[in-house]
Amino acid sequence: MERLGAPFGSDIDRSESVSFRFEGAQVSGYRGDTIASALLANGVTTLSRSFKYHRPRGVLSMCGQDSNTLVQIGQQPNRLADRVAIEAGLDVTAQNYWGSLENDRLAHLRHFSRFMPVGFYYKAFYKPRWAWPLWAKLIRRIAGLGTVDLNTPHGYYDKQYLFSDVTVIGAGPAGMAAALRAAQAGAKVLLVDENAEIGGALAYARFDGAGELAEATHAELAAKIAAEDRIRVMTDTMCTGWYADNWLSLVKGNRLYKLRAGALVVATGCYEQPLIFHNNDLPGIMLGSAAQRLIRLYGVKPGNRAVVATANRDGYGAALDLLDAGIEVACVVDVRADPPEDDMSAALMRRHVPIVAGATLREAVPTSGGGGVRAVKIARLEGAEKAARRYDSFACDMIAMAGCYAPAAALLHQAGGRVSLADDSGAFSVHDLPAQLAAAGSVAGTNMLENVLGDGVAAGRRAADEAGFSVAATSEPPRVAEADASAWPIIGHSRGKDFVDFDEDLQVHDIENALAEGYRHIQLLKRFTTNGMGPSQGRHATLPAIRLAARRTGARLDETGSTTSRPPIGPLTMGHLAGRSFEPVRYTAMHFRHLERGARMMPAGAWMRPEYYGEARAREENIAAEAMNVRDNVGIIDVSTLGGLEVRGPDAGEFLNRMYTFAYLKQPVGRARYVLMTDAAGVIVDDGVACRLHDDHFYVTATTSGVDGVYRTMLWYNAQWRLKVDVTHVSASYAGANIAGPNCREVVQKLCDDVDLSPEAFPYMGVRRGHVAGIPALFLRVGFVGELGYELHVPASQGEALWDALMEAGADAGIRPFGVEAQRLLRLEKGHIIISQDTDGLTTPHEADMAWAISRKKPYYVGMRSVSIQEAGGLTRKLVGFEISDSDAPRPKECHLVIRGGAITGRVTSITRSPTLGKVIGLAYVAPDQAEPGTEFEIKIDGGAMVRAKTVKLPFYDADGARQEM
Amino acid sequence: MTLAPKDRTRRSFLYRELESAGAVFDELNGAAAAMSYGADAEAEAAQARSLGLCDLSALPRTGFKGWNMSAWLKAQGAEMSEASNIVTPQADGTRIARLAPGEALLLGNYRGHGPLIEKADSAWSMQEADGCFQVPRAETNFWLALSGSHVPALFAKICAVDLRPESFATHSVAQTNVARLNAIIIRADTGEVPQFDLLSDIASAVYLWRALLDAMAEFGGKPVGLAALQELN
Amino acid sequence: MKLMHCPLNGWRNIQEFTHGGEVVAEPDPNRCSDAEWAEFVFMEENKAGMVREWWCHTATAYWFIAERDTVKDEIIRTYDAGEVFKERIEFTRPEPPKEA
C-alpha cells in the first residue's frame, strides 16, 4: 500500500492499520480512511456497477455526493464508501452486479443501450398490462441498489433536541469565519459539518500559486474556533432538511437531532461539476476536488499521469496539487479561449505544464478491460457549443475535471430562497432568503477566498445581531474581484456514453430526445427522464439539464427554472426517523393485580384493561363464567379507566344543562343522572353519569377514550360562555372498582361502616360518600351490567389496597374479577349502548332510541337545534335489539350488513351469545320499518350467506330493572 | 426489617419498579418512600450529582384552581407570583408553582414538609369554595426529581422545550410534553447541581420511569433514594 | 417545525397545540333559520389571507385565539379568548306565539 508522506494525508493516522473486507478480500487501510480511500490506496478503482448499463464506476466526488460509491456494508445497503470511515471487520460488498464486480455478466447491456432510451420502461413494458408485474420483477433484479435483509436486528436509534443562538451549517472558510464572528458577539454558536474535520475546501483545495494560503488560513481559523468556548462543533453531522422557523434535522451516527437553530448561516459550499464527454464515467475520471481530497486528506495518489480539464482557476490549483503529489500532468485543458494570467497559471507554467486553451474533452479511451482510462481526446472549441472534428490525443490514466459549480443550496431552497444562474459565466447568486437566514461563501456564489471570508464575517455579525447580540460595526476587508470562470460547453457525442446523470445512466441524447418529445418544462423533463431523481439528487445532473433545456427552448437559464429540493437532503434510514419509540401506556392502580391473576390485557385508548382472566384457549368459557358469576353471585371489575371530571361552581348545573342533552338544574344532591353529549351537528359523542355531590358540584364520568375530547370541548365552550364554573380533569386521580351481582352488598358491607347500604337508604342511582376498608370512597349505585352494584371511586394511590380488600372480603362468597368482554356481554343483555361501538360519526339520539335522554324545556344544549332539525326530518335508520333464534345458524360478526332486496339497510354493531338467555343477541342499525319488535330481517355474513334475525324489544334481560334496583 | 410499600394503603404507582431496583423504604407522609438503594450513601449522593432519578410520589402536594384561586390561597397565607409558570418558595418550605392566572400547584419540600399544604387542604371545603377549587394533585400526578449535571442533556432527548440552565432559570415552570406525556417541569436547584421536578399523569408513571431510565443509560443515570436528594438540598 | 406563541406558556413548537377551527359567532339556535344553522355547523370559510382561529395548548388545555395569514403562513398574533368573549352568554327560549 503506497501512500504519500506528510503533509499529505491529514485525515489518516499512519500509526494505526485497520483491516476490513471488500468483496470477500482482506483490505488494509489507516485509521481515518474512508472505504473508498482505502480501496484506492490498494489499487481498487471500480467500486460499483452503474444502475442501467452495469458500467464500472469509481470515485467521482470523494465526498459522498454521487452514487458511484454506494456499497453494501453488512446488512446495510446503499452506504457511501467515500463517506463511511473504515473500521476493523467491516464487511463491504459492491452492489448491482451479476457474477462479480470485475466481470459483471450484465455488462453486455451496454450494447443494447440504443434500444433502452429514456421512457423505455414505460413504453416497452406497458402493454400488455398484465405482463408488467413480471417485467417489473426482472427489471428490479437487474437495476438493484443493494439487498435488504429482513432479519436485520433492530439498531438503537434515538433523537435529541438541540437549541442554539446561532447555527452555522458548513464549516468551510465562510462558516468558520461566521461562527467566530457570531461567538465574539456573545452568541452561542453551533457549527455543523458533514465531514470528519472542519475546514471545508481549506483542508484539501488550493487557493494560491504557492500553495500556502489554504493551510495557513485553516490553521488560524481552527485554532480560534478551538479556543472559543461559545462555539460547539459537530462534525460527521449531516443537515438533512430545513423546516419552518429555522428548525433543522441533523443526523450524526444513529441519532437524529432536531435543532431550533436560532439565526442561521448556511455556508454549505458548492458542488464541482463533471464534464460531459464520451466515456466520462470511467473509473479514474474524477472531479478535481476529488483528486485533491484523495491527495491531501488521505495521502492517496489517484493516478500517475493526469489530464486536467477546467473552466476556472480551480483546475489550475488541482493540477498544481497533482504535481506536488508526484503525478505527471500531461496538460491542462482550459475551455476559456483566453484564460487570465494569475498566480496559479504562472506557477503552472513555471513547472512546464502545457495549457491548452479554448479546447474541450471529447472522449476518454478506456483500457482494454474497460475499467480505467488509457487516453483522452481533446478538440478545439468552435463557438460556444461546437467542437472541431480533429482530435488531439493525450495518454493518461486519470482525468481531473473542474467544470463549473452548482450551489449546495438545498437548505436555501427549502427556506424559500431562489438561485439565479448567469447564462454564460457559470456564476450564480441567491435571493429571497427569509429573515434569520443568511447564505455565505461559495453557496452564495462567492469564490475568491478573501471574499468568502468577508462574507462569513458579515453573515456571522448579522446572525448574532438577529439573535439579539448587539454588535459594534467593524470595518470589513475590501472585496477583491471574483475569479474569472466560464460555463463548460455541453456537446453531445455521436457515440453517446456522454453521461449527464450517472445515477440513472442518462446521456445527452436522452435529455435532448425528451426535450424533442415536448418535455420542456424542467419539472416534466426531470420526471420523464428521471434526471436528478437518483441517490445523488441532481447535484451534478440538474445544472446540465437546465442548460440543455434552455438551449433547446432558447430561454435564459433563469427562465428555465429549477427543480424543487425537499428534505431529506441526504440519505436517512428508517431507524433515524423512528428513533426510540415513545408509546405511552397507562396502567391502573390494580394493573399488576390483574397480571397476577392471569388477565389477558387489551388496550383501551392508552390504557391497558383486562379483556378476561385465564387461558386464551378457553377464552369463550372464561368470559361466560365471569359473566355468570356476576349474574348469580358477585363479580368485580376495574373501572379506573373511566373518564372523570369535576364540574364546580355556582353555574355547574347550568353548565351541564348546556353541555348535555338531559336536565340537571333540579337534580337532587346525592343522585346520579345519565349524561348524553351531542356535538353541534347533533351527533352523539359521549355519555356517562353526573353525580351531584353539592349544589355547586357535579362529578361527571365520561367514556375512557372520549374524556380528553369532552374536557377540551367543555373548556372551549366556556371560553365563550364565561359561566362561573370550573372543570377539572380527574380521570386518573380516582381508581374505580365496580362490584356487582346479587351478593355484592354483603361484601361491601363487611368493609364499610359509615354508609347505610340498604336499598331504602341508598337506592339505585344514589351517590354517597364514605369509607371502604378505611379508604375514602365515592359510592355510585349505577348498573351498567344490570345487577345490584356499587361503583367505588377512591384516590388512585389507594386503588390497589381497595381491590385487595374487596377481593379478600369477597373470597368466601366466591368473588371473581371480570374483564371488559364479560362487561360488554352483560351490558348487551341489558341493551346499553357503547358510544363509538354502537354509534358512529353520524348517529343521532333518535336513531339510538335515546329521545328519553333529551330535555325539551331547556333553552339550549350543544346540538339542540340540529337534533330538532333531525327530528323533523324523520329517521333513515334505527338502532334496535335483535336475536337469532336458529341455534344452528352461523353467528354474524360486528359490521356485517343488514340487507333487504339487495340494498343495505343497516349493520350489526354488537353481537354475542348470551349465556344467560341461551341465544345469540345483538344490536344493529336497521331501516325504520324494520325496527318494530317481531320484524324479521337478514344479515349477510362472511362468504355471502344470509342469516335471519328478528327485532326484539330492549332490554333482553330484566326488563323492569328489578335486579339492578334490589 | 424495612417497611414494605404494601404495608400502607397509599402506594406509589412505581413501588414495584423501586422494589426491583433494590430500594430501601421508610415511612413518609403515610406512605413508603424509597430512601436509598443500598448502603453506600456517598456513592448514591455522587450519583445524584451526576444523574439520578428519584420517586417523590409520597411527598405532600396539592393544587387549587378557579377564578378566585389567588385571593383564596393568599388568605391562607400563601405568597404567589403574579406571572404564570413561576415558582414562589414559601417561608415554611412549601413551593407554590403558579400554573395559570387561575391555577396553582403546591409542593412540599424534599423532607416531606409542607405545612401550608396541610393547612390549605384542611381549610378548603366545597361549602365555602367561592371560586377556588381543590385539585387532587397527589392522586393526579406522580412526582419525580431528576438531579445531576447530565439532566439538561437528558431532557434534550425527551422534551422539545429548551431546558438548558442558561435558558430555563431556577423556579421556572414548563408545562409541556415529555416523551409524549403532558408534564409539568420545574427547575428546583439554585445553581450548583441541576435539579428538576417532573410531574405527570399518575397512570403513566411506570411507562415514564422506564423511558427515563432508558434515556439516562448513556449518561450512567440511575435511581437514587430520597436521602441522596435531601443531601443535595 | 413552526413556532407558536401561547399566551400562557410562551413560544412552543406547533406540535404542542391543537387547532380548533375558525372563530365564528354561533347563531341563536332558538331564532335562526335552518339554513343559517346549517351554515354555522357545516361550513368553514377557509379563507386565503387573514384568519382568526381557536387554538388549544394541549398540555394545559388552554384555549386562545390566533390570527394567522394563511397565504404567508405567518402567525400574526395570539391572545386570550377573554379579549373577544368578555360577557357571559345567555340563551332564552323563543317567546310563545301571542294569541290573537
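Residues numbered from 1 in each chain as written. Chains lettered and ligands numbered in written order. Predicted model: local features only at pLDDT ≥ 70, side-chain atom pairs only at ≥ 80, totals over all residues. Heavy atoms only, no water.

Glancing now at the overall build of chain C. Of regular secondary structure, chain C possesses 1 helix and 6 strands. Listed N to C, the secondary structure of chain C is β-β-β-α-β-β-β in terms of helices and strands. Taken over the C-alpha trace, chain C has a radius of gyration of 17 Å; the compact-globule value for 100 residues is 13 Å, which it surpasses by more than 25%. Dimensions of chain C, computed from the C-alpha atoms along their principal axes, are close to 65 × 30 × 20 Å. The proportion of buried residues among the 100 residues of chain C is 42%. For chain C, the distance from the average position of its 12 positive side-chain charges to the average position of its 20 negative side-chain charges is 4 Å. (Helix = DSSP H or I, 4+ residues; strand = E, 2+ residues; numbered from the N terminus. Rg over C-alpha atoms; globule rule 2.2 N^0.38 Å. Buried < 20%, exposed > 50% of the residue type's maximum accessible area, 1.4 Å probe, protein only. Lys, Arg positive; Asp, Glu negative; His and termini not counted. Charge placed at Lys NZ, Arg CZ, Asp CG, Glu CD.)

Residues and elements named next belong to chain A. As summarised here, the arrangement of the 6 strands in space is 40-41-42-39-33-43, forming an open sheet in which the pairing is mixed. Only two strands of the sheet have a single partner each, and these edge strands are strand 40 (767-772) and strand 43 (816-817). The pairing of strand 40 with strand 41 (residues 775-780) spans 6 bridges and is antiparallel. Within strand 41, the position partnered with Val772 by the bridge is Ile775. (Pairing = 2+ DSSP bridges.)

Glancing now at the interface of chain A and chain B. Contacts between the two partners involve 47 residues from chain A and, on the opposite side, 42 residues from chain B. Summed over both partners, the interface of chain A with chain B comes to about 3,700 Å²; 55% of that surface belongs to carbon and sulfur atoms. On the chain A side of the contact with chain B, Phe163, Phe582 and Ser797 of chain A bury the most area, a combined 18% of that side's loss. In this structure, the connection of chain A to chain B is made through 10 salt bridges. Among the ionic pairs, Asp804 of chain A bridges to Arg11 of chain B, the shortest N-O distance being 3.4 Å. Taken together, the links from chain A to chain B amount to 23 residue pairs in polar contact (both at pLDDT 80 or more). A per-class count over the side of chain A that touches chain B returns 21 nonpolar, 11 polar and 15 charged. (Contact = heavy atoms within 4.5 Å. Buried area = accessible area lost by both parts, 1.4 Å probe. Salt bridge = Lys/Arg side-chain N within 4 Å of Asp/Glu carboxyl O. Polar contact = N/O pair within 3.5 Å; in protein donor to acceptor, adjacent residues only side chain to side chain. Nonpolar A, V, L, I, M, F, W, Y, C, P; charged D, E, K, R; others polar.)

Before going further, it helps to spend a moment on the pattern of salt bridges. In total, this model carries 83 salt bridges over all chains according to the counting rule given. The residue Asp804 of chain A makes a salt bridge to Arg593 of chain A at a minimum N-O spacing of 2.6 Å. With a gap of 211 residues between them, Asp804 of chain A in helix 21 (residues 799-809) and Arg593 of chain A in helix 16 (residues 591-596) connect regions that are remote in the sequence. Residue class for Arg593 of chain A comes out buried when judged on its relative accessible area of 16%. Across the pair Asp726 of chain A and Lys65 of chain B runs a salt bridge, and its minimum N-O distance is 3.4 Å. Note that Asp726 of chain A is positioned in strand 38 (residues 726-729) and Lys65 of chain B in strand 4 (residues 61-65), a pairing that runs across two chains. Judged by its relative accessible area of 8%, Asp726 of chain A is buried.

For the rest of this paragraph, the subject is the pairing of strand 21 (residues 359-366) of chain A. By the criterion of burial, strand 21 of chain A is predominantly enclosed, with 7 of the 8 residues buried. Taking the residues between adjacent antiparallel strands as the criterion, strand 21 of chain A and strand 22 (residues 373-380) of chain A are bridged by 6 residues, where Gly370 of chain A takes a positive phi near 85°.

Residue and element names in this part refer to chain B. Inspection of the secondary structure puts Ser81 in the loop between helix 3 (69-75) and strand 5 (86-89). Given a relative accessible area of 13%, Ser81 falls into the buried group. Among the polar contacts made by the side chain of Ser81, one reaches the main-chain carbonyl oxygen of Ala83 at a distance of 2.5 Å.

What follows concerns the nonpolar core. Grouped together as the largest cluster of nonpolar side chains are 117 residues, with contacts concentrated most on Phe20, Ile35, Val307, Leu322, Leu361 and Ile399 of chain A. In terms of residue count, helix 4 (residues 173-184) of chain A provides more of this core than any other element does, 7 residues in total. Sequence-distant contacts of Ile35 of chain A, that is, excluding residues within four places in its chain, are made with Phe20, Ile73, Ala81, Val84, Ile86, Leu90 and Val92 of chain A. If you look at the next biggest cluster of nonpolar residues, it comprises 80 residues, including Tyr790 of chain A together with Leu163, Ile185 and Leu208 of chain B. (Core = buried A, V, L, I, M, F, W, Y, C linked by side-chain atoms within 4.5 Å.)

Turning to the sheet that holds strand 3 (residues 52-55) of chain B, a few remarks are in order. Residues and elements named next belong to chain B. Pairing is mixed in the open sheet, where 6 strands are placed in the order 10-11-12-9-3-13. Where the open sheet ends on each side, the last strands, each with one partner, are strand 10 (173-178) and strand 13 (222-223). Relative to strand 12 (residues 195-201), strand 9 (residues 141-147) is paired through 7 bridges, and the arrangement is antiparallel. The residue bridging Leu144 from the neighbouring strand is Leu198, located in strand 12. Where helix 6 (residues 151-158) meets the sheet, its contacts fall on strand 9, strand 10, strand 11 (181-187) and strand 12, and the angle it forms with strand 9 comes to roughly 130°. Each of strand 3, strand 9, strand 10, strand 11, strand 12 and strand 13 is contacted by helix 7 (residues 205-216), which is oriented at about 165° to strand 3, the strand it contacts most. (Axes fitted to C-alpha atoms, helices over the stretch in contact; angles between N-to-C directions.)

Our focus in this paragraph is the packing of helix 6 of chain B against helix 7 of chain B. Residues and elements named next belong to chain B. Two numbers describe how helix 6 lies on helix 7: the axes approach to 10 Å, and their chain directions differ by 120°. Compared by their axis directions, helix 6 and helix 7 come out oblique. As for the relative orientation of helix 6 and helix 7, their crossing is right-handed in sense. Contacts from Leu154, Lys157 and Ile158 in helix 6 reach Leu212, Ala215 and Met216 in helix 7. (Parallel < 35°, antiparallel > 145°, perpendicular 65-115°, else oblique. Left-handed = near helix turned anticlockwise from the far one by under 90°.)

It is worth spelling out the interface of chain B and chain C at this point. Every contact between the two is made by 12 residues of chain B and, on the other side, 9 residues of chain C. Regarding the contact of chain B and chain C, the summed buried area is about 690 Å², with carbon and sulfur atoms giving 49% of it. Our enumeration of links across chain B and chain C arrives at 0 salt bridges. Applying the counting rule to chain B against chain C returns 4 residue pairs in polar contact (both at pLDDT 80 or more). For the side of chain B that touches chain C, the class distribution of residues is 6 nonpolar, 6 polar and no charged.

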